[in-house]
Every structure is written in structure tokens, then in C-alpha cells.
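Now for the letters of each chain:
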Amino acid sequence: MITPAFELSQDPDFLTVKIRVPYARPSEFDIYFEGEDFKFYAKPYFLRQLTLPGRIVEDGREKASYNTDEGTFTIQLPKEVPGQYFEGLDMLTSLLATKKSRSAKPLVEEMAASAELSEENEEDFDWEMEQIPYEESPPALQHPYGFGNLRSGVFQRLQEELSDVIDIKDPDQTPAEERRRKRLAAEAAKFEPDHYLADFFEDEAIKHLLKYKPWWIDAHKKMTALQGESHQEHDSPAFVVFSEEEREQMRKFTNKSYLLDKRSRHHVYLGLIDILLAYCYEICVNEGDKNVESSWNIRKLSATLCWLESFSSIHDVLVSFGRRVLCYPLYRHFGLVTRAFNDTVMILQLGKAAVLKCLLDIHKIFMESDPAYILNDLFITDYCIWIQKVKSKKLAALCESLQKTTLSKSHLGLELEELEAAAVLVQEEEKALKAAGTVSKQQLLCSESETSDSEESSSTSSSETEGSDSDEQESSTSEDGEINSFQGTLQEERTAPLIDCNGLRQGTGTTAVEVGEGKSKVSLQSTAPPGKLVEELEMQIHSAMRLSEQPEGLATAGCISQEQEENPVPKADRFSEDAAGKRNFLEVSPKPNPLLFLCSTNEDEE
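Under the annotation held in an unreviewed UniProt entry, the protein carries the name Protein SHQ1 homolog and is attributed to Polioptila caerulea. According to its UniProt record, the protein has this under Sequence similarities (unreviewed entry): "Belongs to the SHQ1 family."

Set out below in C-alpha cells:
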């Protein structure tokens, strides 16, 4: 027979059972319900028995229908007490349990704590037992671990896969106190202040991750709004919805009953908080997506899974989780610890349906990761079965205790506040040094600019001085050139023959003077000593001045010597004839310069 897929829902008056039976014959099916029992049969499907959380009644209002397209039966059963809320309709594994398995009698698959035996078992105790001599036996070397500390000897068969699953070596031979001591030492050695400070100051990625909203945030808002309206505190399928894959997994679980003593139950509840904290961190940092690191994150951050730890208080759980978040994963920020804490509170407030959904997701992650599936056998599968039978009041009390517990950085024992204060102080010193360096650099730039300005001004003044000096040198050079040219001309005139104004050669002792266009050219030719030359030049200047004083404004042009002045030429002979026989005479320039003489003769023009 095949156990069909099914789901239950309710309204104030009816309990609805929807059963999927594809390829079954609709004409051949049987339904039985009475009180808290429900059975269904449609070949080859057989729902042996559902133990309901409330009573139903057969009063003529029951209905059944079959959808041929979907292959589903939908059965509506009236509630014996209208308005009664049936709790735990999503806990399919628990609903499939028989009444006998709910009793205190141990079954073949039941794990019972030896400290809690029923009175019936004590009455059946066989007193006629064989007696043997007392021998002192060595103490048990195997220390328990796993869900409710009910397992031992598991890792003796899995030594090769041990290091890939947990951090502790040889857990069967290591007591709980030594595990805790080794765990704390490993966390202290793994903590890296540089990594923590880097995430503390450069927290842009952390802020982005903290904005992610998983599914339980919206569900919690809906539940809070509904509770504010109706003042009811209970689970509701509207808040938590299981997928078909999750329902199938719940049907595959083998139903078990766990008889745990008080201490073991305490460890189970605290271990549940530890596992949920690690799961919430994983969902937050990966924003709901699964990757190859998901299995590693969950088991590494949970000391329950990684070190087989058994906690004694909620505060110890929070301290362990906080330390491991700051020591192992990629993102090591205290804000992620606080976020995981708040998310865990929300999940517990939503009830055991939300807790079961998270545990089923962890079960799937570990099942797809080799060899993390061992943790399913040790913890997660048992948690998925156990949580379906937990009373909601127990979870509410656990959630309330968790909310009252506080966690600060000083509780972690990693000197986080001192590190942050020292890092802030170093940053302030660096800023001060940088500011001082900027000021000194600006001062240096100002001094350099002033120096360059002074150099430019000095270079400008020197260039101006050099320019003036060069101008002076040029002028002096030009003057020197004129003087040299004058001296050269004087030397030439000393050797060249003298020519009078008519172009005739004169004898020695004759001096020729020409002035034109603002530039003077003096030609002196004499074999006389320098004193004689000065006297002759003075005589020539006096003769020129006399010519300019003539009333007619005209004067003869030419070079007058002392002999000519003593023996003047007749006036008629002062004219020269050209080739045509025309006479030309020199006209004195109207300018007041008495030294300007213009001689124009045919021979000069030629």
C-alpha cells in the first residue's frame, strides 16, 4: 500500500482533508472518521490512521468530492465543538502517529532515558537474576552526544569523515567539560583583530546584507496584525506555508517518541536555539540563496553541531554564537549577531510550524552536502520529528526567556571594545598627521611660489638690466662704429686724392666735407700735421658761414681753399657747364644748417 500525499486545513466549523490519489478509482474508496481518528482507503492508497488534534462528528453536514483533473479527494468533516482551533495540522509526522505510540510505553523505535522509567516497567522487573561476583570495571570511556545526548560510538566508525564534519577529535573519549575548554581555546586562537576591524570600519557590505528580509519577517508582521485585531495567540497556516517537497519529507520521517529527562530536554531546547541562530546568519549573509558554503556556515557557527556542545543556559548559547561569528565566517560583524538573534526570536514567536520549516531547510542543505548528512542522523532528523510534538506554550516560554537575555561585546571575551577604541584613536592620529602634512605642504607650496615669484622678478629686472646694457652696448657699438668708420674714412681720405666740387683733383693740403641726411661724412686729406688740419677746417666753416650770409641766398658750391679765398674766381666762372652747354649753379638750402652743400655736376652724377 502507498501512503498518499495529504494536507489539512480548517475553518471555524469544518476540518478539511485534501488527499491526492492519482490513477485511483473514484468509485472504490472508503472513509472512516470518529472522534480523533480518521482513515482513508482507495486502492492502492491507504491512509492508515490520522490522529487529529481535536474531535470531529458525523451529523449529516460532512461532504466529499473528487477532482478528476487533479486526482484529489476533498473531504469536509464537521467539528464537534464549532469554533474550536485544531493546533498542529501541519505536523504531518505527528498526525500519522498512532494512539499507542503516544503512550509512555516504549516502542522498538523509541529512545528512552534510563532515569525515567514507568511504574509498569518497575513492576515487571525480574528479581530472579543471576548473581556474579563483584568485579571493579573501568568507567565507560564513551561520552554521549547528539540529540538529547542519546548517541555514542558513531564517530568510531566514521574516522575518515570526522574532520570534515566536526572540529573536535575523538568525541567519544572527550567529556563535555574538555570539549568546552578546547572550543574556547580554538576560538581565541582563530580570532583575527585585523579582520574584525576591517569589517567594523568598512561595513558597506554588512549594511547591504542587513537590509535583506527573509520570509519570516512578513509572516511575523501578519501574525502581529492578526493578534492585534483578534487577540489570539496560536499558529496559523496562513503565516507558514509548507511546500510539497517539505510535506513529502515529513511523510518520509519515521515517527518516534522521545522520553527525555529534565536535563536532556534542557539541552535539546538550548541546542535548538543554537542551530536556529546559525541558520538565520546563513540566510542573511547569502540573502536566502543556497551555495556550497551554506552547509559549512551552519555547522561551523553552531557549537552544538561542530563541537557536540551541551549548553547550560541561553546566555552561554548567545556568547558561543557571537564568538564564532567573529572568528570563522567571511563577514565578521557584531551587527550580524544581533540580526540573527532578532530573527530567531521571530521564528519562535511564529510557533513550531516556522521552526519546523527552518529545520526542514537545514535537513535539505545537509542532505545535499557530503559528509554533512551525518549531522542529520545525529541531530536534525530527530529535531524535525520532536518539534512536531512540542507544546506551543513551551516554545512561547523559551522565546520569552530568549528575549530577556542580553548580549554585549564585552560578554564575548575578545576585548572588542578596547580594539575599537584603539583603532579609533589611531585613525584620529592619522587624520591629525595628514592634516598637519597638508598644512605643511601648503606652506611649502606657498614658499615655493614666493621664491619663484622673487626669482621671476629678479630675472625680469636682470633681463631689463641686460636689455638696457645691451641697448647701451648697441648704441655704444654703433657710436664706436661711426667713430671707427669716421676714422677709416679719415684714413682713406689721407691716401685718396682730393676732389673739388667740380670733380677735379686737388693738391695736397685740401680737405673735403660732405653732410647729408642727418649723417655727417667728413673727409680729410692733408699731409700737414694735425694742428694744420684743424686750422684749415675752421677756415672752411667760416667761409661757409660767409656764403650763407649772402643777400641773394645763393652761394657757390664747392670746397674753398685758402688759395682760392685769396685769389677769388670771377663770378661768371663760378658756373659749370654740362654736356649741353647749360649752366648749373648751387642753390643754398633753406635749412639753417650751413654745412649742407649740394653739388650737382655731370661728372658727379656719373
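So that's the structure; there's more coming.
1. Some thoughts on empty space enclosed by the protein
Summed over all chains, the structure comprises three cavities of 30 Å³ or more. Here the largest cavity is characterised by a volume of approximately 120 Å³. Forming the walls of the largest cavity are 15 residues, and the residues nearest its centre are Gly146, His267, Thr304, Glu309 and Ser310. For the lining of the largest cavity, the secondary structure elements donating two or more residues are helix H9 (262-285) and helix H15 (373-387). Grouping the constituent residues of the lining of the largest cavity by class yields seven nonpolar, seven polar and one charged.

2. Brief notes about helix H16 (residues 392-404)
For H16, with 13 residues, the first-to-last C-alpha span of 19 Å sits near the 18 Å given by 1.5 Å per residue. Among the residues making up H16, those that are buried are Leu395, Leu398, Cys399 and Leu402. With its buried residues spanning 100° around the axis, H16 presents them on a single face. Opposite its buried face, H16 presents the exposed residues Lys393 and Lys404, each directed more than 90 degrees away.

3. Quick word on the pairing of strand E1 (residues 5-10)
Each regular strand displays side chains that alternate between the two surfaces of the sheet. Bridge count between E1 and strand E2 (residues 14-20): six bridges; the pairing is antiparallel. Looking at E2, one finds that Leu8 is bridged to Val17. Taken together, E1 and the strand that follows it, E2, pair antiparallel across an intervening segment of three residues.

4. Examining the pattern of salt bridges
This model, assessed by the stated rule, comprises 22 salt bridges. Across the salt bridge formed by Lys207 and Asp203, the nearest N and O atoms sit 4.0 Å from each other. For Arg339, the salt bridge identified is with Asp343, shortest N-O distance 3.1 Å. Taken together, the positions of Arg339 and Asp343, both in helix H13 (residues 334-350) and four residues apart, correspond to about one turn of that helix. Take Arg339 and Asp343: they sit in the same class, and that class is buried. Residues participating in the shared-partner salt-bridge network are Asp167, Arg180, Arg183, Glu187, Lys300, Glu309, Arg323 and Arg324.

5. Overview of the environment of Gly35
Within the secondary structure, Gly35 is located in strand E3 (residues 30-42). Excluding anything up to four places from it in sequence, Gly35 contacts Gly54, Arg55 and Ile56.

6. Comments concerning the sheet that holds strand E6 (residues 72-78)
Taken in spatial order, the four strands line up as E1-E2-E6-E5 in an open sheet, and their pairing is antiparallel. On the outer flanks of this sheet lie E1 and strand E5 (63-67), each paired with one strand and no other. Each strand of the sheet is rotated relative to its neighbour by a mean of 15°, with strand direction disregarded. Sheet topology places E5 next to E6; five bridges connect them, and they run antiparallel. Within E6, the residue paired with Ser65 across the bridge is Thr74.

Reading guide: rules and limits
- Residues numbered from 1 in each chain as written.
- Predicted model: local features only at pLDDT ≥ 70, side-chain atom pairs only at ≥ 80, totals over all residues.
- Heavy atoms only, no water.
- UniProt positions renumbered as here; feature names shortened; annotations may be inferred.
- 1 Å grid on protein atoms, 1.4 Å probe; cavity = no way out; pocket = protein on both sides within 12 Å on 5 of 7 lines; lining within 4 Å.
- Points joined across faces, edges and corners; volume = space filled by probe spheres on them.
- Helix = DSSP H or I, 4+ residues; strand = E, 2+ residues; numbered from the N terminus.
- Nonpolar A, V, L, I, M, F, W, Y, C, P; charged D, E, K, R; others polar.
- Expected span 1.5 Å × (residues − 1).
- Buried < 20%, exposed > 50% of the residue type's maximum accessible area, 1.4 Å probe, protein only.
- Arc of directions from axis to C-beta.
- Pairing = 2+ DSSP bridges.
- Salt bridge = Lys/Arg side-chain N within 4 Å of Asp/Glu carboxyl O.
- Contact = heavy atoms within 4.5 Å.
- Axes fitted to C-alpha atoms, helices over the stretch in contact; angles between N-to-C directions.

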